[in-house]
Amino acid sequence: MFPVSAHIYFGRTTNVEKGEEGGKVFTRDELALYNGQGGMPAYVACGGKVYDVSASYLWEGGEHQLSHNAGADLTEEILDAPHGMEGLERPPIVGIYQD
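Definitions and cut-offs
Residues numbered from 1 in each chain as written. Predicted model: local features only at pLDDT ≥ 70, side-chain atom pairs only at ≥ 80, totals over all residues. Heavy atoms only, no water. Helix = DSSP H or I, 4+ residues; strand = E, 2+ residues; numbered from the N terminus. Buried < 20%, exposed > 50% of the residue type's maximum accessible area, 1.4 Å probe, protein only. Lys, Arg positive; Asp, Glu negative; His and termini not counted. Salt bridge = Lys/Arg side-chain N within 4 Å of Asp/Glu carboxyl O. Polar contact = N/O pair within 3.5 Å; in protein donor to acceptor, adjacent residues only side chain to side chain. Contact = heavy atoms within 4.5 Å. Phe/Tyr/Trp six-rings, centres within 6.5 Å; stacked < 30°, edge-to-face > 60°. Lys NZ or Arg CZ within 6 Å of the ring centre and 35° of its normal. pLDDT = per-residue confidence, 0-100.

Asks: Can you walk me through the side chain of D52 in this structure?
Replies: Relative to the helices and strands, D52 resides in strand β3 (residues 49-52). Here D52 sits buried without a salt bridge, and the closest side chain of opposite charge, R90, lies 13 Å off (N-O distance). Here the side chain of D52 touches S54 through a polar contact of 2.6 Å, side chain to side chain. When near neighbours in sequence (up to four residues on either side) are disregarded, D52 contacts P41, A42, Y43, P91, P92 and V94.

Asks: Looking at this structure, I do not really get the packing of aromatic side chains. What am I missing?
Replies: Geometrically, a pair of aromatic rings is defined through the distance of the ring centres and the angle of the planes. Applying the stated criterion across every chain yields a total of 3 aromatic pairs. Aromatic pair F26 and Y34: ring centres 5.6 Å apart, planes at 85 degrees, arrangement edge-to-face. Across this residue pair, the class does not change: F26 and Y34 are buried. Both rings, one in F26 and one in Y43, keep their centres 5.7 Å apart while their planes meet at 85 degrees; by these two values the pair is edge-to-face. With F26 in strand β1 (residues 24-26) and Y43 in strand β2 (residues 43-46), this residue pair connects regions lying 17 residues apart in the sequence. When sorted by exposure, F26 lands in the same class as Y43, which is buried. Through a chain of ring-to-ring contacts, three or more aromatic side chains come together here, namely F26, Y34 and Y43. The ring of F26 carries the charged tip of K24 above its face, separated from the ring centre by 5.3 Å.

Asks: So what exactly am I meant to see when it comes to the confidence of the model for the protein here?
Replies: Low pLDDT means the predicted atomic positions in that stretch should not be read closely. On average, residues of the protein carry a pLDDT of 75, and 68% of them reach 70 or more. Across the protein, the secondary-structure element scoring lowest on mean pLDDT is helix α1 (residues 4-9), at 36, and the one scoring highest is helix α3 (residues 28-32), at 96. Taken as a whole, residues 17-21 scores under 50 in pLDDT and shows 6 contacts with residues more than four places along the chain or in a different chain.

Structure follows, in structure tokens:
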């Protein structure tokens, strides 16, 4: 069976994407562990969802454009980004963020 993230890449809707129970809930402290360093994947939160940006070369080492770091809620920052929310259309959703 594929991990949840693979289901999203293949166009299947997951429980996380639907907002149903069963999605991993990340707190601020837990999300901070997923900073893309020391072998950890790079996750970012935006709009209450947690995205796995590890596969993107733009997030290599857990840093994006020398301005944003993985392991954080970037909801406010994405409003100023040149790409807006469209930049998060491809990375898989891996959970729900609750501050």
